[in-house]
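Listed below, chain by chain, are the residues.
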Amino acid sequence: MKPKPWQIGLIVLGLLVGTGSVVYSIVTTQSVPITNVTHCIDVETGELYRIDFPVILPAKNPTSGRRSLIRVRQEGGKWFASGRDLETLRLMDKGVVNKVVDEQSGDVKGDVKAALAYPKPK
């Protein structure tokens, strides 16, 4: 059975569209910066930490040794914890009292000072 002219045209059109899509995706690819930096705030003291390695949340405060650090992000100059990070408030060590993060909105109360370097594990 011989292919009809419209079938050949459809195959050629499909190949052109496929090739054009591949070329477009290669030419317009932008690199997305990937970072391992995480900012965490101590919900008791309000200290902000910059952590440069993977960490289990809630993280331990390097000074007190208690799990009281949750992840926060900054947008528009304001620091906040997202819904997923707010869930880690339930996993804090016993006796940890949240004085810094609003449990409903996730907004960080008060001013946040410069991030402290979190010590790398040995």
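No experiment lies behind these values; they were computed from the predicted model shown. (Residues numbered from 1 in each chain as written. Predicted model: local features only at pLDDT ≥ 70, side-chain atom pairs only at ≥ 80, totals over all residues. Heavy atoms only, no water.)

J.: Is there a simple way to explain the packing of aromatic side chains in this structure?
T.: The way to describe two aromatic rings as a pair is by their centre distance and the angle between their planes. Per the counting criterion, the structure on display carries two aromatic pairs. Ring centres of tyrosine 49 and tyrosine 118 lie 5.9 Å apart, and the angle between their planes is 85°; this geometry places the pair in the edge-to-face category. With tyrosine 49 in strand S2 (residues 48-51) and tyrosine 118 in the segment after strand S6 (116-117), this pair connects stretches of sequence that are 69 residues apart. On the accessibility criterion, tyrosine 49 (3% relative accessible area) is buried. Tyrosine 118 gets classed as buried once you look at its relative accessible area, which sits at 14%. (Phe/Tyr/Trp six-rings, centres within 6.5 Å; stacked < 30°, edge-to-face > 60°. Helix = DSSP H or I, 4+ residues; strand = E, 2+ residues; numbered from the N terminus. Buried < 20%, exposed > 50% of the residue type's maximum accessible area, 1.4 Å probe, protein only.)

J.: Sorry if this is basic, but what is going on with the side chain of asparagine 61 here?
T.: One can find asparagine 61 in the loop between strand S3 (59-60) and strand S4 (67-75). Looking at asparagine 61, the relative accessible area reads 4%, which means it is buried. A distance of 2.7 Å separates the side chain of asparagine 61 from the backbone nitrogen of threonine 63, its partner in a polar contact. (Polar contact = N/O pair within 3.5 Å; in protein donor to acceptor, adjacent residues only side chain to side chain.)

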